[in-house]
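Given next are the chains, with one letter for each unit.
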Amino acid sequence: MLGIAAQFANDVILVFSLAGRLLEANERFYDLYGYRHDDVADITLSDIRSLSCMDSVPADLKRAEDEGGVTFETEHRRKDGSVFPVEVSSRVVEIKGTRCAVSIVRDITEMKAAAARIAGMNCLFQTVTAAHQALLHSSSDDEVFAGICSVATAFGLKMAWVGLVDGNEVTPVRWSGNGSEYLAGIMIRVDPDDPRSWGPTGKAIRLGVPVVCNDFQNDPQTAPWHERGRAYGWGASAAFPLFRRSRTCGAFTIYSDRPDFFGPDEVNLLEDLAGNISFRLDQIDIRNENRELEGILQKSLQSLLDVNIELERFAEIYSHDLQEPVRNVVSFTQFLERRLSGKLDAETQSLLKTIVEAAMRIRQLNFDLLEFSRSRHSQTALACVDSETAVQYACGELETSLEQAGGQIRLHQPLPQVLGNEAELRQVFINLLSNAIKFASPMRPLTIDVSATPESGGWHFTIQDNGIGIEDQYLDKVFTVFFRLHALPEYPGSGVGLAITRKIIDRHDGRIWIESRYGVGTSVHFWLHAVK
(Lines give C-alpha, C1' and ligand atoms only; values in the text may rest on other atoms or scores of the structure.)
Protein backbone atom coordinates (compact mmCIF):
# COMPACT_ATOMS: atom_id res chain seq x y z
CA MET A 1 0.00 0.00 0.00
CA LEU A 2 2.78 2.44 0.93
CA GLY A 3 5.12 3.55 -1.80
CA ILE A 4 8.90 3.59 -1.54
CA ALA A 5 9.03 7.31 -0.67
CA ALA A 6 6.59 6.82 2.21
CA GLN A 7 8.63 3.93 3.57
CA PHE A 8 11.53 6.23 4.34
CA ALA A 9 9.63 9.36 5.45
CA ASN A 10 10.76 11.15 8.63
CA ASP A 11 7.31 10.80 10.18
CA VAL A 12 5.57 7.56 11.03
CA ILE A 13 2.95 6.50 8.46
CA LEU A 14 0.41 3.90 9.54
CA VAL A 15 -2.48 2.19 7.74
CA PHE A 16 -5.26 0.84 9.97
CA SER A 17 -8.45 -0.98 9.20
CA LEU A 18 -11.54 0.76 10.46
CA ALA A 19 -11.66 -1.94 13.11
CA GLY A 20 -8.33 -0.63 14.46
CA ARG A 21 -5.94 -3.35 13.23
CA LEU A 22 -2.56 -2.23 11.87
CA LEU A 23 -2.27 -3.20 8.21
CA GLU A 24 1.02 -1.57 7.24
CA ALA A 25 3.72 0.76 8.66
CA ASN A 26 6.75 2.51 7.25
CA GLU A 27 10.31 2.01 8.49
CA ARG A 28 10.17 4.99 10.84
CA PHE A 29 7.49 3.17 12.88
CA TYR A 30 9.79 0.27 13.75
CA ASP A 31 12.59 2.65 14.77
CA LEU A 32 10.36 4.80 16.98
CA TYR A 33 8.08 2.19 18.55
CA GLY A 34 10.55 -0.67 18.95
CA TYR A 35 8.53 -3.36 17.09
CA ARG A 36 9.85 -5.92 14.58
CA HIS A 37 8.39 -6.34 11.11
CA ASP A 38 6.84 -9.69 11.99
CA ASP A 39 4.94 -8.03 14.88
CA VAL A 40 2.64 -6.09 12.54
CA ALA A 41 0.02 -8.79 12.18
CA ASP A 42 -0.71 -8.69 15.90
CA ILE A 43 -0.69 -4.90 16.49
CA THR A 44 -3.88 -2.91 17.00
CA LEU A 45 -4.45 0.81 17.54
CA SER A 46 -4.99 0.10 21.22
CA ASP A 47 -1.50 -1.38 21.46
CA ILE A 48 0.18 1.89 20.53
CA ARG A 49 -2.05 4.25 22.52
CA SER A 50 -1.06 5.12 26.10
CA LEU A 51 -3.33 3.67 28.76
CA SER A 52 -4.53 7.14 29.76
CA CYS A 53 -5.67 7.87 26.16
CA MET A 54 -7.11 4.40 25.38
CA ASP A 55 -10.73 5.41 25.85
CA SER A 56 -10.62 7.92 22.99
CA VAL A 57 -9.61 5.37 20.30
CA PRO A 58 -13.16 4.55 19.05
CA ALA A 59 -14.12 8.20 18.99
CA ASP A 60 -10.99 9.16 17.05
CA LEU A 61 -11.69 6.48 14.40
CA LYS A 62 -15.30 7.60 14.10
CA ARG A 63 -14.27 11.25 13.72
CA ALA A 64 -11.79 10.34 11.00
CA GLU A 65 -14.53 8.43 9.15
CA ASP A 66 -17.28 11.02 9.65
CA GLU A 67 -15.21 14.12 8.99
CA GLY A 68 -13.00 12.67 6.30
CA GLY A 69 -9.83 13.75 8.15
CA VAL A 70 -8.76 14.91 11.61
CA THR A 71 -5.61 16.18 13.33
CA PHE A 72 -5.15 15.87 17.06
CA GLU A 73 -2.58 15.39 19.82
CA THR A 74 -2.45 12.30 21.99
CA GLU A 75 0.01 9.96 23.66
CA HIS A 76 1.43 6.78 22.14
CA ARG A 77 3.11 3.82 23.78
CA ARG A 78 6.21 2.00 22.62
CA LYS A 79 6.64 -1.75 22.82
CA ASP A 80 8.62 -1.31 26.06
CA GLY A 81 5.71 0.63 27.60
CA SER A 82 7.30 4.10 27.52
CA VAL A 83 4.91 6.89 26.60
CA PHE A 84 5.57 9.92 24.40
CA PRO A 85 3.44 12.74 22.95
CA VAL A 86 2.47 12.68 19.27
CA GLU A 87 0.51 14.67 16.73
CA VAL A 88 -1.73 12.46 14.55
CA SER A 89 -3.20 13.42 11.21
CA SER A 90 -5.71 10.77 10.02
CA ARG A 91 -7.86 10.42 6.94
CA VAL A 92 -10.15 7.61 5.78
CA VAL A 93 -9.37 6.52 2.21
CA GLU A 94 -10.19 3.58 -0.02
CA ILE A 95 -7.22 1.43 -0.99
CA LYS A 96 -7.79 -1.44 -3.44
CA GLY A 97 -11.47 -1.48 -2.61
CA THR A 98 -10.93 -1.42 1.17
CA ARG A 99 -11.70 1.58 3.37
CA CYS A 100 -8.71 2.26 5.63
CA ALA A 101 -7.51 4.94 8.02
CA VAL A 102 -4.15 6.40 7.00
CA SER A 103 -2.36 8.24 9.83
CA ILE A 104 0.74 10.37 9.77
CA VAL A 105 2.24 10.37 13.28
CA ARG A 106 4.83 12.90 14.39
CA ASP A 107 6.81 12.59 17.61
CA ILE A 108 6.38 15.97 19.37
CA THR A 109 8.41 15.19 22.48
CA GLU A 110 11.00 17.85 21.71
CA MET A 111 8.36 20.37 20.69
CA LYS A 112 6.44 19.79 23.92
CA ALA A 113 9.63 20.04 25.95
CA ALA A 114 10.58 23.28 24.20
CA ALA A 115 7.11 24.72 24.75
CA ALA A 116 7.21 23.74 28.40
CA ARG A 117 10.65 25.27 28.74
CA ILE A 118 9.53 28.51 27.08
CA ALA A 119 6.48 28.63 29.34
CA GLY A 120 8.67 27.95 32.36
CA MET A 121 11.15 30.66 31.40
CA ASN A 122 8.33 33.15 30.78
CA CYS A 123 6.94 32.32 34.18
CA LEU A 124 10.40 32.70 35.70
CA PHE A 125 10.93 36.04 33.97
CA GLN A 126 7.63 37.21 35.43
CA THR A 127 8.77 35.98 38.83
CA VAL A 128 12.11 37.79 38.68
CA THR A 129 10.56 41.00 37.32
CA ALA A 130 7.93 41.04 40.05
CA ALA A 131 10.60 40.21 42.65
CA HIS A 132 12.69 43.20 41.57
CA GLN A 133 9.64 45.43 41.93
CA ALA A 134 9.05 44.02 45.40
CA LEU A 135 12.68 44.73 46.31
CA LEU A 136 12.38 48.34 45.21
CA HIS A 137 9.46 48.87 47.57
CA SER A 138 10.97 47.00 50.52
CA SER A 139 12.34 49.02 53.40
CA SER A 140 13.15 46.25 55.89
CA ASP A 141 14.58 42.73 55.93
CA ASP A 142 11.15 41.25 56.63
CA GLU A 143 9.58 43.07 53.69
CA VAL A 144 12.38 41.85 51.40
CA PHE A 145 12.03 38.20 52.46
CA ALA A 146 8.23 38.19 52.49
CA GLY A 147 8.07 39.90 49.11
CA ILE A 148 10.38 37.55 47.21
CA CYS A 149 8.80 34.40 48.71
CA SER A 150 5.29 35.58 47.86
CA VAL A 151 6.25 36.58 44.32
CA ALA A 152 8.07 33.29 43.65
CA THR A 153 5.02 31.16 44.46
CA ALA A 154 2.60 33.53 42.73
CA PHE A 155 4.16 32.74 39.36
CA GLY A 156 4.35 28.96 39.43
CA LEU A 157 7.02 27.81 41.86
CA LYS A 158 5.48 25.55 44.49
CA MET A 159 7.28 26.83 47.55
CA ALA A 160 9.93 29.38 48.48
CA TRP A 161 11.58 30.21 51.77
CA VAL A 162 14.42 32.26 53.21
CA GLY A 163 16.65 30.85 55.91
CA LEU A 164 19.21 32.82 57.91
CA VAL A 165 22.28 31.44 59.60
CA ASP A 166 21.87 31.24 63.37
CA GLY A 167 25.03 29.78 64.86
CA ASN A 168 25.42 26.36 63.24
CA GLU A 169 21.80 26.12 62.10
CA VAL A 170 19.67 27.64 59.37
CA THR A 171 16.46 29.15 60.70
CA PRO A 172 13.50 29.74 58.33
CA VAL A 173 12.36 33.36 58.67
CA ARG A 174 9.91 33.74 55.77
CA TRP A 175 8.14 31.31 53.43
CA SER A 176 5.26 31.00 50.99
CA GLY A 177 3.47 28.41 48.88
CA ASN A 178 1.88 24.98 49.10
CA GLY A 179 3.73 22.69 51.46
CA SER A 180 5.11 25.35 53.77
CA GLU A 181 4.43 22.84 56.55
CA TYR A 182 7.50 21.10 55.14
CA LEU A 183 9.56 23.58 57.18
CA ALA A 184 7.96 22.72 60.52
CA GLY A 185 10.71 21.24 62.67
CA ILE A 186 13.11 20.98 59.73
CA MET A 187 16.77 20.77 60.74
CA ILE A 188 19.40 22.18 58.38
CA ARG A 189 22.97 22.69 59.54
CA VAL A 190 26.05 24.34 58.08
CA ASP A 191 28.61 22.00 59.67
CA PRO A 192 30.18 20.09 56.74
CA ASP A 193 30.45 16.92 58.88
CA ASP A 194 26.71 16.85 59.56
CA PRO A 195 24.59 15.08 56.86
CA ARG A 196 21.92 17.71 57.46
CA SER A 197 24.26 20.24 55.87
CA TRP A 198 24.67 18.29 52.63
CA GLY A 199 21.42 19.49 51.05
CA PRO A 200 21.16 22.43 48.63
CA THR A 201 20.48 25.04 51.33
CA GLY A 202 23.34 24.03 53.63
CA LYS A 203 25.83 23.71 50.77
CA ALA A 204 24.81 27.01 49.21
CA ILE A 205 25.44 28.79 52.51
CA ARG A 206 28.65 26.91 53.24
CA LEU A 207 30.15 27.26 49.75
CA GLY A 208 28.65 30.61 48.78
CA VAL A 209 27.44 29.36 45.37
CA PRO A 210 24.06 28.22 43.96
CA VAL A 211 23.30 24.54 44.53
CA VAL A 212 20.73 22.71 42.39
CA CYS A 213 19.02 19.36 42.96
CA ASN A 214 16.99 18.41 39.88
CA ASP A 215 15.91 15.00 41.26
CA PHE A 216 14.85 15.79 44.79
CA GLN A 217 13.29 12.37 45.46
CA ASN A 218 16.38 10.34 44.58
CA ASP A 219 19.40 12.60 44.99
CA PRO A 220 21.64 11.39 47.87
CA GLN A 221 22.31 14.98 48.98
CA THR A 222 18.63 15.40 49.89
CA ALA A 223 18.37 12.01 51.63
CA PRO A 224 17.51 13.43 55.10
CA TRP A 225 14.48 15.14 53.57
CA HIS A 226 13.22 12.55 51.05
CA GLU A 227 10.26 11.57 53.19
CA ARG A 228 9.22 15.19 53.69
CA GLY A 229 9.78 15.97 50.02
CA ARG A 230 7.64 13.02 48.84
CA ALA A 231 4.79 14.21 51.03
CA TYR A 232 4.67 17.48 49.10
CA GLY A 233 5.69 16.24 45.68
CA TRP A 234 8.91 18.15 45.22
CA GLY A 235 10.62 17.28 41.94
CA ALA A 236 13.52 19.75 42.06
CA SER A 237 14.98 22.38 44.35
CA ALA A 238 17.60 25.11 44.15
CA ALA A 239 19.26 27.20 46.85
CA PHE A 240 20.94 30.55 46.29
CA PRO A 241 23.24 32.10 48.92
CA LEU A 242 22.42 35.54 50.31
CA PHE A 243 25.20 37.89 51.37
CA ARG A 244 25.51 40.78 53.76
CA ARG A 245 28.61 42.93 53.54
CA SER A 246 30.20 40.21 51.40
CA ARG A 247 29.58 37.51 54.04
CA THR A 248 27.07 34.68 53.61
CA CYS A 249 24.09 35.30 55.87
CA GLY A 250 21.51 32.80 54.58
CA ALA A 251 19.88 31.32 51.50
CA PHE A 252 16.85 31.70 49.26
CA THR A 253 15.52 28.18 48.50
CA ILE A 254 12.79 27.36 45.98
CA TYR A 255 11.01 24.17 44.91
CA SER A 256 9.32 22.93 41.74
CA ASP A 257 7.12 19.88 41.32
CA ARG A 258 8.92 19.15 38.03
CA PRO A 259 12.23 17.22 38.00
CA ASP A 260 14.98 18.85 35.94
CA PHE A 261 13.29 22.25 36.28
CA PHE A 262 16.46 24.23 36.99
CA GLY A 263 18.54 24.44 33.83
CA PRO A 264 21.54 26.75 33.31
CA ASP A 265 19.37 29.66 32.11
CA GLU A 266 17.04 29.36 35.09
CA VAL A 267 19.97 29.21 37.50
CA ASN A 268 21.63 32.29 35.98
CA LEU A 269 18.40 34.26 36.17
CA LEU A 270 17.74 33.31 39.78
CA GLU A 271 21.36 33.88 40.75
CA ASP A 272 21.05 37.47 39.49
CA LEU A 273 17.91 37.83 41.60
CA ALA A 274 19.74 36.54 44.69
CA GLY A 275 22.51 39.07 44.00
CA ASN A 276 19.96 41.87 43.91
CA ILE A 277 18.42 40.63 47.16
CA SER A 278 21.86 40.79 48.80
CA PHE A 279 22.43 44.26 47.37
CA ARG A 280 19.09 45.41 48.80
CA LEU A 281 19.99 44.01 52.22
CA ASP A 282 23.24 46.00 52.13
CA GLN A 283 21.29 49.13 51.16
CA ILE A 284 18.94 48.63 54.10
CA ASP A 285 21.90 48.19 56.47
CA ILE A 286 23.59 51.33 55.16
CA ARG A 287 20.37 53.33 55.40
CA ASN A 288 19.78 52.17 58.98
CA GLU A 289 23.37 52.97 59.92
CA ASN A 290 23.04 56.39 58.34
CA ARG A 291 19.88 56.99 60.34
CA GLU A 292 21.69 56.06 63.53
CA LEU A 293 24.62 58.29 62.63
CA GLU A 294 22.25 61.12 61.73
CA GLY A 295 20.58 60.71 65.10
CA ILE A 296 23.93 60.80 66.90
CA LEU A 297 25.05 63.77 64.81
CA GLN A 298 21.79 65.58 65.47
CA LYS A 299 22.21 65.07 69.21
CA SER A 300 25.82 66.24 69.00
CA LEU A 301 24.83 69.30 66.99
CA GLN A 302 22.06 70.10 69.44
CA SER A 303 24.48 69.73 72.36
CA LEU A 304 26.98 71.96 70.56
CA LEU A 305 24.26 74.48 69.79
CA ASP A 306 23.18 74.50 73.44
CA VAL A 307 26.78 75.05 74.55
CA ASN A 308 27.26 77.83 71.99
CA ILE A 309 24.07 79.52 73.11
CA GLU A 310 25.22 79.32 76.72
CA LEU A 311 28.66 80.68 75.81
CA GLU A 312 27.20 83.49 73.74
CA ARG A 313 24.78 84.35 76.51
CA PHE A 314 27.64 84.31 78.97
CA ALA A 315 29.73 86.56 76.71
CA GLU A 316 26.86 89.01 76.31
CA ILE A 317 26.14 89.11 80.05
CA TYR A 318 29.84 89.29 80.86
CA SER A 319 30.39 92.16 78.39
CA HIS A 320 27.34 94.02 79.64
CA ASP A 321 28.13 93.60 83.33
CA LEU A 322 31.77 94.49 82.82
CA GLN A 323 31.03 97.86 81.28
CA GLU A 324 30.40 99.66 84.57
CA PRO A 325 33.53 98.55 86.47
CA VAL A 326 35.70 99.17 83.38
CA ARG A 327 34.16 102.61 82.99
CA ASN A 328 34.94 103.32 86.63
CA VAL A 329 38.54 102.17 86.24
CA VAL A 330 39.01 104.46 83.22
CA SER A 331 37.24 107.42 84.81
CA PHE A 332 38.98 107.27 88.18
CA THR A 333 42.37 106.61 86.63
CA GLN A 334 41.96 109.65 84.37
CA PHE A 335 40.72 111.67 87.37
CA LEU A 336 43.75 110.57 89.36
CA GLU A 337 46.00 111.50 86.43
CA ARG A 338 44.51 115.01 86.28
CA ARG A 339 44.46 115.41 90.08
CA LEU A 340 48.12 114.57 90.46
CA SER A 341 49.31 116.27 87.30
CA GLY A 342 52.68 117.91 87.91
CA LYS A 343 53.08 116.26 91.32
CA LEU A 344 54.38 112.87 90.11
CA ASP A 345 57.79 111.83 88.88
CA ALA A 346 58.21 110.67 85.30
CA GLU A 347 58.24 106.96 86.16
CA THR A 348 54.96 107.17 88.12
CA GLN A 349 53.32 109.22 85.36
CA SER A 350 54.36 106.54 82.83
CA LEU A 351 52.86 103.80 84.99
CA LEU A 352 49.63 105.74 85.38
CA LYS A 353 49.47 106.29 81.62
CA THR A 354 49.95 102.56 81.05
CA ILE A 355 47.05 101.82 83.42
CA VAL A 356 44.81 104.25 81.54
CA GLU A 357 45.72 102.75 78.14
CA ALA A 358 45.16 99.17 79.40
CA ALA A 359 41.79 100.17 80.86
CA MET A 360 40.84 101.80 77.55
CA ARG A 361 41.78 98.62 75.66
CA ILE A 362 39.70 96.54 78.07
CA ARG A 363 36.77 98.87 77.48
CA GLN A 364 37.18 98.61 73.70
CA LEU A 365 37.47 94.83 73.83
CA ASN A 366 34.41 94.69 76.03
CA PHE A 367 32.49 96.93 73.63
CA ASP A 368 33.55 94.86 70.59
CA LEU A 369 32.65 91.58 72.31
CA LEU A 370 29.20 92.93 73.10
CA GLU A 371 28.76 94.12 69.51
CA PHE A 372 29.88 90.74 68.15
CA SER A 373 27.48 88.88 70.44
CA ARG A 374 24.61 91.11 69.36
CA SER A 375 25.52 90.69 65.70
CA ARG A 376 24.97 86.93 65.98
CA HIS A 377 21.43 87.23 67.26
CA SER A 378 19.98 90.38 65.74
CA GLN A 379 17.44 89.96 62.96
CA THR A 380 18.11 91.77 59.70
CA ALA A 381 15.25 93.43 57.83
CA LEU A 382 16.28 93.74 54.18
CA ALA A 383 15.21 96.52 51.84
CA CYS A 384 16.55 98.55 48.94
CA VAL A 385 19.80 100.26 50.02
CA ASP A 386 21.97 102.67 48.06
CA SER A 387 25.47 101.29 48.55
CA GLU A 388 27.11 104.52 47.40
CA THR A 389 25.32 106.45 50.16
CA ALA A 390 26.55 103.83 52.67
CA VAL A 391 30.15 104.26 51.42
CA GLN A 392 29.90 108.08 51.61
CA TYR A 393 28.66 107.78 55.18
CA ALA A 394 31.62 105.57 56.08
CA CYS A 395 34.04 108.01 54.43
CA GLY A 396 32.61 110.83 56.55
CA GLU A 397 33.07 108.80 59.72
CA LEU A 398 36.67 108.01 58.81
CA GLU A 399 37.65 111.43 57.44
CA THR A 400 40.05 112.30 60.26
CA SER A 401 41.76 108.88 60.16
CA LEU A 402 42.12 109.13 56.40
CA GLU A 403 43.71 112.60 56.63
CA GLN A 404 46.14 111.41 59.30
CA ALA A 405 47.15 108.50 57.05
CA GLY A 406 47.55 110.85 54.10
CA GLY A 407 45.41 108.61 51.90
CA GLN A 408 42.48 108.81 49.52
CA ILE A 409 39.37 106.73 48.79
CA ARG A 410 38.30 106.47 45.14
CA LEU A 411 34.80 105.32 44.08
CA HIS A 412 34.62 103.78 40.61
CA GLN A 413 31.40 104.24 38.62
CA PRO A 414 28.13 104.83 40.44
CA LEU A 415 27.72 102.15 43.07
CA PRO A 416 24.48 100.12 42.84
CA GLN A 417 21.40 99.65 44.95
CA VAL A 418 21.35 96.31 46.75
CA LEU A 419 19.07 94.28 48.96
CA GLY A 420 20.25 94.91 52.51
CA ASN A 421 20.01 96.70 55.82
CA GLU A 422 21.26 100.28 55.63
CA ALA A 423 22.75 100.52 59.12
CA GLU A 424 24.54 97.19 58.79
CA LEU A 425 25.95 97.98 55.34
CA ARG A 426 27.31 101.26 56.72
CA GLN A 427 29.04 99.21 59.42
CA VAL A 428 30.49 96.85 56.77
CA PHE A 429 32.06 99.73 54.84
CA ILE A 430 33.29 101.41 58.04
CA ASN A 431 34.98 98.19 59.19
CA LEU A 432 36.59 97.42 55.84
CA LEU A 433 37.73 100.96 55.07
CA SER A 434 39.08 101.50 58.62
CA ASN A 435 41.12 98.30 58.26
CA ALA A 436 42.56 99.52 54.97
CA ILE A 437 43.49 102.85 56.61
CA LYS A 438 44.93 101.17 59.71
CA PHE A 439 47.19 98.84 57.71
CA ALA A 440 48.54 101.44 55.28
CA SER A 441 52.09 100.93 54.07
CA PRO A 442 54.67 103.48 55.25
CA MET A 443 56.45 103.03 51.90
CA ARG A 444 53.83 104.76 49.70
CA PRO A 445 50.76 107.00 49.82
CA LEU A 446 47.59 105.09 50.70
CA THR A 447 44.95 104.61 47.99
CA ILE A 448 41.70 102.69 48.49
CA ASP A 449 39.52 101.80 45.48
CA VAL A 450 35.86 100.84 45.90
CA SER A 451 34.06 99.24 42.94
CA ALA A 452 31.11 96.95 42.15
CA THR A 453 30.34 94.74 39.14
CA PRO A 454 27.18 92.73 38.36
CA GLU A 455 27.55 88.99 38.96
CA SER A 456 25.14 86.02 39.23
CA GLY A 457 22.01 88.04 39.97
CA GLY A 458 23.80 90.28 42.48
CA TRP A 459 26.71 92.69 42.90
CA HIS A 460 30.35 91.85 43.49
CA PHE A 461 31.99 94.60 45.60
CA THR A 462 35.76 95.03 45.84
CA ILE A 463 37.66 97.22 48.31
CA GLN A 464 41.28 97.25 47.18
CA ASP A 465 44.17 98.94 48.97
CA ASN A 466 47.93 99.21 48.53
CA GLY A 467 48.71 98.60 52.19
CA ILE A 468 51.05 96.15 53.89
CA GLY A 469 49.06 93.05 52.77
CA ILE A 470 48.52 89.71 54.52
CA GLU A 471 50.65 86.60 54.37
CA ASP A 472 48.96 83.61 52.69
CA GLN A 473 48.90 81.40 55.79
CA TYR A 474 46.69 83.92 57.61
CA LEU A 475 44.04 84.52 54.95
CA ASP A 476 41.72 81.83 56.35
CA LYS A 477 42.02 83.16 59.91
CA VAL A 478 41.32 86.88 59.55
CA PHE A 479 37.55 86.45 60.04
CA THR A 480 38.09 84.71 63.41
CA VAL A 481 36.96 86.79 66.36
CA PHE A 482 39.85 88.37 68.35
CA PHE A 483 42.42 87.11 65.82
CA ARG A 484 45.25 89.62 65.46
CA LEU A 485 48.23 89.62 63.11
CA HIS A 486 50.15 92.52 64.69
CA ALA A 487 51.19 93.78 68.10
CA LEU A 488 48.99 96.38 69.81
CA PRO A 489 51.35 99.34 69.95
CA GLU A 490 51.93 99.20 66.21
CA TYR A 491 48.39 98.47 65.04
CA PRO A 492 45.65 99.03 67.67
CA GLY A 493 42.36 97.13 67.61
CA SER A 494 40.59 94.12 69.09
CA GLY A 495 40.36 91.74 66.10
CA VAL A 496 36.55 91.77 66.06
CA GLY A 497 35.76 94.04 63.08
CA LEU A 498 36.13 91.43 60.31
CA ALA A 499 34.27 88.81 62.36
CA ILE A 500 31.31 91.20 62.71
CA THR A 501 31.54 92.06 59.01
CA ARG A 502 31.32 88.40 58.05
CA LYS A 503 28.26 87.88 60.28
CA ILE A 504 26.52 90.82 58.63
CA ILE A 505 27.28 89.52 55.13
CA ASP A 506 26.07 86.03 56.14
CA ARG A 507 22.79 87.50 57.38
CA HIS A 508 22.40 89.16 53.98
CA ASP A 509 22.74 85.70 52.35
CA GLY A 510 25.96 86.91 50.73
CA ARG A 511 29.57 85.80 50.82
CA ILE A 512 32.89 87.49 51.62
CA TRP A 513 36.51 86.56 50.94
CA ILE A 514 39.97 88.14 50.87
CA GLU A 515 42.82 88.14 48.38
CA SER A 516 46.17 89.62 49.36
CA ARG A 517 49.83 89.86 48.45
CA TYR A 518 52.12 90.51 51.36
CA GLY A 519 53.88 93.86 50.90
CA VAL A 520 51.67 94.83 47.95
CA GLY A 521 48.10 95.21 49.21
CA THR A 522 44.79 93.57 49.99
CA SER A 523 41.46 93.17 48.16
CA VAL A 524 38.34 92.40 50.16
CA HIS A 525 35.49 90.98 48.06
CA PHE A 526 31.88 90.50 49.02
CA TRP A 527 28.72 89.67 47.11
CA LEU A 528 25.17 90.91 47.84
CA HIS A 529 21.80 90.32 46.19
CA ALA A 530 20.60 92.89 43.66
CA VAL A 531 17.24 94.58 44.10
CA LYS A 532 14.65 92.86 41.91
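Model, not experiment: these values are computed from the prediction.

Cut-offs used in this document
- Residues numbered from 1 in each chain as written.
- Predicted model: local features only at pLDDT ≥ 70, side-chain atom pairs only at ≥ 80, totals over all residues.
- Heavy atoms only, no water.
- Pairing = 2+ DSSP bridges.
- Helix = DSSP H or I, 4+ residues; strand = E, 2+ residues; numbered from the N terminus.
- Phe/Tyr/Trp six-rings, centres within 6.5 Å; stacked < 30°, edge-to-face > 60°.
- Buried < 20%, exposed > 50% of the residue type's maximum accessible area, 1.4 Å probe, protein only.
- Lys NZ or Arg CZ within 6 Å of the ring centre and 35° of its normal.
- Axes fitted to C-alpha atoms, helices over the stretch in contact; angles between N-to-C directions.
- Parallel < 35°, antiparallel > 145°, perpendicular 65-115°, else oblique.
- Left-handed = near helix turned anticlockwise from the far one by under 90°.
- Contact = heavy atoms within 4.5 Å.
- Nonpolar A, V, L, I, M, F, W, Y, C, P; charged D, E, K, R; others polar.

1. Details of the pairing of strand β6 (residues 159–166)
Relative to strand β7 (residues 169–177), β6 runs antiparallel, the two sharing eight bridges. The partner of Gly163 across the bridge, within β7, is Pro172. With six bridges joining them, β6 and strand β10 (residues 247–256) adopt antiparallel strand pairing. Looking at β10, one finds that Ala160 is bridged to Ile254.

2. Considering the packing of aromatic side chains
Following the criterion strictly, the structure yields 11 aromatic pairs and no others. Seen in terms of ring centroids, Phe429 and Phe526 are 5.8 Å apart; in terms of plane orientation they differ by 65°. Their pairing is edge-to-face. Within this pair, whereas Phe429 is found in helix α13 (residues 422–438), its partner Phe526 is found in strand β17 (residues 521–529), the two being separated by 97 residues in sequence. By relative accessible area, which is 1% here, Phe429 ends up buried. With 5.0 Å between their ring centres and 5° between their planes, Phe461 and Phe526 make a pair best called stacked. Of this pair, Phe461 sits in strand β15 (residues 458–465) while Phe526 is found in strand β17, placing the two residues 65 residues apart along the sequence. Of the residues examined, Phe461 reaches a relative accessible area of 1% and is grouped as buried. Taken together, the aromatic side chains of Phe29, Tyr30, Tyr33, Tyr35 and Phe84 make up a single cluster linked through ring pairs. Just above the ring of Tyr393 sits the side chain of Arg426; from NZ or CZ to the centre is 4.2 Å.

3. Looking at unusual backbone geometry
The phi angle at Ser246 is positive, at roughly 70°, despite the residue not being glycine. With respect to the helices and strands, Ser246 occurs in the loop between β9 (236–244) and β10. Of note, the phi angle at Gln413 is positive, near 50°, even though the residue is not glycine. Mapped onto the elements, Gln413 comes out in the loop between β12 (408–411) and β13 (417–420). The class for Gln413 is partly exposed, based on a relative accessible area of 43%.

4. Observations regarding the packing of helix α5 (residues 109–136) against helix α6 (residues 141–154)
Where α5 contacts α6, the axes come no closer than 9 Å and their chain directions differ by 160°. In terms of orientation, α5 lies roughly antiparallel with respect to α6. Between α5 and α6 lies a crossing whose hand is right-handed. Counted together, Thr127, Ala130, Ala131, Ala134 and Leu135 of α5 and Val144, Gly147, Ile148, Val151 and Ala152 of α6 form the full contact between these two elements. Looking at side-chain class alone, the contact of α5 with α6 contains eight nonpolar, two polar and no charged residues.

5. A closer look at the environment of Asn122
With respect to the helices and strands, Asn122 occurs in helix α5. For the pair Asn122 and Phe155, spaced 33 residues apart in sequence, the C-alpha separation works out to 9.5 Å.

Keep in mind these values describe shape, not function.
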